[in-house]
Amino acid sequence: PLQKRVLGTFAFALRPEGVMVLGSSESLGEVSPRFEPLDPHLKIFRRLDGPRTFLPNAMVPVGRQAAAPISDQQQAIDAATRLLLDRVVPAAVMTNDKLELVRVFGNAERLLSLPSGAVSLALPALLPPSLQTVTTLAAHRALSIGSDTAMAVAADEHHVGLVRVQPFHAGRTNSRFLVVTYERGVPRPERVDAVSDEVTSQIADLQRELLFVRESLQATIEELETSNEELQATNEELLAANEELQSTNEELQSVNEELNTVNAEHQAKIRELTQVNTDLDNLFDATTVGTVFVDEDLRIRRFTRAVTQQFSVLERDVGRPIEHITHHFRDLRLVDDLRQVQSNLTALEREVSTLDGHRFLVSVSPYLTASRQVRGGVATFVDVTQLRDAQAHHAHLQGVLDSLPAQVVVIDQSGTIALVNRRWLQSAGEAGGVTFGARAGLGSNYLEACRSEPEVRAALEALLSGTREDFSHKYPCHGPTSQRWFLMHVGRLLDGSGAVITHVDVTAEHLLATGPRAASCETRRQELLAAGVCEVLHKPFDRDELGALVASALR
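Residues numbered from 1 in each chain as written. Predicted model: local features only at pLDDT ≥ 70, side-chain atom pairs only at ≥ 80, totals over all residues. Heavy atoms only, no water.

Chemist: Where do I start with the overall build of the protein chain in this structure?
Modeler: Counting secondary structure elements, the protein chain contains 13 helices and 21 strands. Relative to all contacts within the protein chain whose residues are 6 or more apart in sequence, the contacts with residues 24 or more apart total 43%. Carbon and sulfur atoms make up 54% of the accessible area of the protein chain, which amounts to about 34300 Å² in all. (Helix = DSSP H or I, 4+ residues; strand = E, 2+ residues; numbered from the N terminus. Contact = heavy atoms within 4.5 Å. Areas by Shrake-Rupley, 256 points an atom, 1.4 Å probe, with all protein chains shown as cover.)

So, in structure tokens, the structure goes:
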């Protein structure tokens, strides 16, 4: 009774669409028409829209007395009504469209029983086995056709047990309900459906199998729900992993772009290094300077082709110690020199000769990196044989020119002074006059010194251009206390690379030529000397030989 009162109060208190949650062993009872099950398994119900009325015997607050207590007469009337109902009204129950018990009428206690196990208000579960199948079939038929249905249960030849099911609608939601009436000892009607014991047994078996299937299905559903939850959790993990993979993929793409950039830079560097290496190879092949590169252990790293003329080295010798390679030098100390420059970081040079008499200038220096770290040594071999011969030839020519009494100047094609003798240098400091152009020294332009003599300069330019072979010019060169005359003679070198200019003092010859006496033999000798047939120590010196020496010196 207390539960009935509480549920009635809840039904009154809840607003429409309000939700009520019961315990696992509770049921709606008389308030079931006012609620719609949302989840019967979890006992969650929603209140339907309807009038807010208390059920009979509504709850009275605990600890208080009813405001208007029922009188003795009213209690007697209620008792009499129940007696008449029990005697006249057959046993009947009211259910919802799911066959869940809502209310009991009449003397139905003898038909209903509570089975062991979980409590349920499902009508078939509360009936005896003989009525379960018939009641279920009749209720389903009544719901499907929407009208009264009656089915008989065999008792004997003349009487049957009758099960009547009446469907009806009620409430604002137009919910469907059933009234099930059970009658005994009813004369067998002619047109009533009856279910034999065999059929009843088969239906009971089917119902048990259906119940088993439902339970199995429910278990499967629960397992599927559990699996679904696990799959959802797995899916969430996969989504998280996918996001991480996407993030990783973006990072990899960024790294890939950086690698592409670095790769492009490396490719550019490789192309530059290849070009530089090619340039070095061509330089090594084209240069005439023999060069050998060695590492810290004096093993050959690279060498130019020119060095193979003096060293017996081949391409396969790269990596071999330099001291294992034979050479054609007489007094070469290459190994000691390489070790010395690596230790003191100071380059050195020395001149050595070969077995066939050639002279080479050997330069040995340390091989340094950009950070000034020693990584080996470099040795170069330059053939200076021709240079030394030219220097010796030049010294011989300079001695010849210095021995001449005339002033001698050798100029190149552009007029620049390349050689002068001692007499030319002395004339610049002599008192009593300076000869024509004597202040022009080595490296100066002789044509500029002839600016005051346009005819002489024009003749020089014509000679240097190849239109003249030689010419002579006599000019005065007076000092403060003396008068002197010089004869300038210019002769073109045989190879056309310049000219030889001589200045001869012809003062005596000039005075004799302009005096009462004719020129003497001495005057003739001086003219011949000015013409290039010089006399050194009273010995004739051929002009062609002098020209060849001068041309060689200029080269």
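Chemist: What should I look at first to understand unusual backbone geometry in this one?
Modeler: It is generally the case that most residues other than glycine have a negative phi and that most peptide bonds are trans. The residue Glu17 is not glycine, and still its phi comes out positive at about 75°. Its place among the elements puts Glu17 in the loop between helix H1 (2–13) and strand S1 (19–21). Here Arg372, not a glycine, exhibits a phi torsion of approximately 65°, which is positive. For Arg372, a relative accessible area of 61% corresponds to the exposed category. (Buried < 20%, exposed > 50% of the residue type's maximum accessible area, 1.4 Å probe, protein only.)

Chemist: Teacher, can you tell me more about the side chain of Thr385 here?
Modeler: Along the polypeptide, Thr385 turns up in helix H7 (residues 385–402). Beyond its immediate sequence surroundings of up to four residues, Thr385 is in contact with His358 and Arg359.

Chemist: What is the right way to read the nonpolar core from this model?
Modeler: In this structure, Phe311, Ile322, Leu334, Val364 and Phe381 are the most contacted members of the largest nonpolar core, which totals 23 residues. Every element with two or more residues in this core is listed here: strand S10 (290–294), strand S11 (300–303), helix H6 (334–344), strand S12 (348–353), strand S13 (359–368) and strand S14 (374–383). At four residues, the largest contribution of residues to this core is made by H6. Those residues in contact with Ile322, other than ones at most four positions away along the chain, are Val292, Val294, Leu298, Ile300, Leu334, Val335 and Leu338. (Core = buried A, V, L, I, M, F, W, Y, C linked by side-chain atoms within 4.5 Å.)

Chemist: Would you mind going over a negative patch on the surface with me for this structure?
Modeler: Where like charges cluster on the molecular surface, the negative patch consists of Glu222, Glu223, Glu225, Glu229 and Glu230. With respect to the helices, strands and loops of the structure, Glu229 is situated in helix H5 (residues 197–286). Judged by its relative accessible area of 52%, Glu229 falls in the exposed class. (Patch = residues over 30% accessible without salt bridge, like charges linked within 9 Å, V, L, I, M, F, W, Y side chains within 5 Å. Salt bridge = Lys/Arg side-chain N within 4 Å of Asp/Glu carboxyl O. Lys, Arg positive; Asp, Glu negative; His and termini not counted. Charge placed at Lys NZ, Arg CZ, Asp CG, Glu CD.)

Chemist: Explain the side chain of Thr507 here, please?
Modeler: The topology assignment puts Thr507 in helix H11 (residues 507–514). Polar contacts involving the side chain of Thr507 include one to the side chain of Asp505, which spans 2.6 Å. (Polar contact = N/O pair within 3.5 Å; in protein donor to acceptor, adjacent residues only side chain to side chain.)

Chemist: Even after reading the chapter, I still don't get the sheet that holds S1, so can you show me in this structure?
Modeler: One key point about sheets: their strands pair by backbone hydrogen bonds, in either a parallel or an antiparallel sense. A sheet is described by the order of its strands in space; here three strands give the open sequence S1-S3-S2, paired in antiparallel fashion. Edge positions in the sheet fall to S1 and strand S2 (35–39), since each of these pairs with one other strand and no more. Averaged over all neighbouring strand pairs, the angle between strand axes comes to 30°, with direction disregarded. Note: S2 against strand S3 (residues 44–47), four bridges, orientation antiparallel. If you follow Glu36 over to S3, its bridge partner there is Arg46. (Pairing = 2+ DSSP bridges. Axes fitted to C-alpha atoms, helices over the stretch in contact; angles between N-to-C directions.)

Chemist: Help me understand a nonpolar patch on the surface, please; the structure alone is not making it clear to me.
Modeler: Together, Val19, Val21 and Leu38 make up an exposed nonpolar region whose accessible area comes to about 260 Å². For Leu38, a relative accessible area of 42% translates into the label partly exposed.

Chemist: Help me understand the pattern of salt bridges, please; the structure alone is not making it clear to me.
Modeler: A side chain with one charge may pair with a side chain of the opposite charge, provided their charged atoms come close. All chains considered together, the criterion is met by 16 salt bridges. Across the salt bridge formed by Asp337 and Arg350, the nearest N and O atoms sit 2.9 Å from each other. Pair noted here: Asp337 is in helix H6 and Arg350 is in strand S12, with a separation of 13 residues, a long-range link. The exposure class assigned to Asp337 is buried, which follows from its relative accessible area of 2%. Given the relative accessible area of 24%, Arg350 is considered partly exposed. Several salt bridges share partner residues, and in doing so they unite Glu448, Arg451, Arg457 and Glu461 into one network.

Chemist: Would you explain the pairing of strand S5 (residues 101–105) in this entry?
Modeler: The side chains of a regular strand alternate between both faces of the sheet. As paired strands, strand S4 (residues 91–96) and S5 are joined by four bridges and run antiparallel to one another. Its bridge partner being in S5, Thr95 is matched across the sheet by Leu101. From the end of S4 to the start of S5, which pair antiparallel, there are four residues, and Leu99 there has a positive phi angle of about 60°.

Chemist: Can you walk me through the confidence of the model for the protein chain in this structure?
Modeler: Low pLDDT means the predicted atomic positions in that stretch should not be read closely. Scored by pLDDT, the protein chain has a mean of 80; 81% of the residues are at 70 or more. No element of the protein chain has a lower mean pLDDT than strand S20 (residues 535–536), which averages 38, and none a higher one than S1, which averages 93. Low pLDDT (under 50) marks residues 517–541, which in the prediction has 33 contacts with non-local residues, meaning those over four places away or in another chain. (pLDDT = per-residue confidence, 0-100.)

Chemist: I'm lost on the sheet that holds strand S19 (residues 498–505) in this one. Help?
Modeler: An order of S16-S15-S19-S18-S17 is seen for the five strands of this open sheet, with the pairing classed as antiparallel. The open sheet is flanked by strand S16 (417–420) and strand S17 (470–476), the only strands paired with a single partner. Each adjacent strand pair in this sheet contributes to an overall mean axis angle of 20°, direction not counted. Direction of pairing for strand S15 (residues 407–412) relative to S19: antiparallel, over a ladder of six bridges. By the bridge assignment for S19, Val410 is matched with Val500. Seen against the sheet, H7 touches S15 and S16 and runs at an angle of roughly 60° to S16.

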